[in-house]
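This is what each chain is made of:
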Amino acid sequence: MSKKIIETKLKDIFGFLDIDPTIEIAIEKKKKDDDSGNGDSEEDTKEKVAKKTKGTEELYTITIEGDDLSFLIGRYGKGLESLQSLLSLMLFKEKNEWSRLTLDINGYRQQRIEKLQNMAKKFIDRVRFFNNEVELPPMAPWERRQIHMLVTEYDDIDSESFGDGYDRRVILKIKEAK
């Protein structure tokens, strides 16, 4: 049911834009009490509210492929994030419940994850060399989460998010001895 709603909404949007990309939707069912977030994003907050009821939830992974879709991704992925939020809101309006979804256009997210990991590794080296904390640039919630997940692989480095709104960022620092 929801897959059909997503397809219809995307086709409406793309019809308006006069483009015809390939749309692929994968659905993963998860237990609602499975905690995989760090409480860092709006989606995580919505997920926590949904967890108050037992059962399963569906995680939608939507992949869009096509020629010259960079205008949908936008500068620094802002268009992609906006389209994902819009689609999530449209799905909520139809189902009257929040659904978790991830949208990717032409592999942008995977490329961005690789860039974030490379950047984080350079900053981790800087933290170790200077033995001082380093502040990363502002990032979207899902990008900060990628950094936090990468840092868990290092025994001597700790990460922390700080700031508000669009200025929220990650600080990397040497882990304090206990």
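Residues numbered from 1 in each chain as written. Predicted model: local features only at pLDDT ≥ 70, side-chain atom pairs only at ≥ 80, totals over all residues. Heavy atoms only, no water.

K.L.:
For this particular structure, what's the right way to read the sheet that holds strand 6 (residues 169-174)?
P.N.:
Strands in a sheet are paired, the pairing made by backbone hydrogen bonds, and the direction either parallel or antiparallel. The three strands are arranged 4-6-5 in an open sheet whose pairing can be described as antiparallel. Each end of this open sheet is capped by a strand with a single partner; those strands are strand 4 (134-135) and strand 5 (157-162). Pairing analysis gives two bridges linking strand 4 to strand 6, with the strands arranged antiparallel. By the bridge assignment, E135 is partnered in strand 6 with I171. Helix 5 (residues 108-130) rests against strand 4, strand 5 and strand 6 of the sheet, and its axis sits at about 40° to strand 6. (Pairing = 2+ DSSP bridges. Helix = DSSP H or I, 4+ residues; strand = E, 2+ residues; numbered from the N terminus. Contact = heavy atoms within 4.5 Å. Axes fitted to C-alpha atoms, helices over the stretch in contact; angles between N-to-C directions.)

K.L.:
Is there a simple way to think about the packing of aromatic side chains in this case?
P.N.:
Two measures describe an aromatic ring pair: the distance that separates the ring centres and the angle between the ring planes. The final tally for this structure, using the stated rule, is two aromatic pairs. Both rings, one in F92 and one in W98, keep their centres 4.3 Å apart while their planes meet at 15°; by these two values the pair is stacked. For F92, a relative accessible area of 25% puts it in the partly exposed group. Where F129 meets F130, the ring centres are 4.9 Å apart and the plane angle is 90°; that geometry is what we call edge-to-face. The positively charged end of R109 is found above the aromatic ring belonging to W142, 4.5 Å away from the centroid. (Phe/Tyr/Trp six-rings, centres within 6.5 Å; stacked < 30°, edge-to-face > 60°. Buried < 20%, exposed > 50% of the residue type's maximum accessible area, 1.4 Å probe, protein only. Lys NZ or Arg CZ within 6 Å of the ring centre and 35° of its normal.)

K.L.:
Help me understand the pairing of strand 5 in this model?
P.N.:
Along any regular strand the residues' side chains alternate between the sheet's two faces. Every second residue of strand 5 is oriented toward a common face, the buried set being I157, S159 and S161 and the non-buried set D158, E160 and F162. Inspection of the sheet shows strand 5 paired to strand 6 by six bridges, in the antiparallel sense. Across the sheet, the residue bridging to E160 is I171, located in strand 6.

K.L.:
Which parts of the structure should I look at to understand the environment of Q117?
P.N.:
Looking at where Q117 falls in the secondary structure, it is placed in helix 5. Q117 sits in the partly exposed class, given a relative accessible area of 27%. Spatially, the C-alpha atoms of Q117 and V151 are 9.4 Å apart, while their sequence positions differ by 34 residues.

K.L.:
What is the right way to look at the packing of helix 1 (residues 2-17) against helix 4 (residues 78-95) in this model?
P.N.:
Two quantities define a packed helix pair, namely the angle between the axes and the distance from one axis to the other. Contact geometry for helix 1 and helix 4: axes closest at 10 Å, N-to-C directions at 130°. Here helix 1 is positioned oblique relative to helix 4, judged by the angle of their axes. For the pair helix 1 and helix 4, the sense of crossing is right-handed. Judged by residue contacts, S2, I5, I6, K9, L10 and I13 of helix 1 engage L83, L86, L87, M90, L91, E94 and K95 from helix 4. (Parallel < 35°, antiparallel > 145°, perpendicular 65-115°, else oblique. Left-handed = near helix turned anticlockwise from the far one by under 90°.)

K.L.:
Before we go on, may I ask you to explain the packing of helix 5 against helix 6 (residues 141-151) in this structure?
P.N.:
Helix 6 packs onto helix 5 with a crossing angle of 50° between their chain directions and a minimal axis gap of 10 Å. When the axes of helix 5 and helix 6 are compared, the pair comes out oblique. The hand of the helix 5/helix 6 crossing is right-handed. Each of R109, R112, I113, L116, Q117, A120, K121 and I124 in helix 5 lies in contact with helix 6, whose residues at this interface are W142, E143, Q146, I147, L150 and V151.

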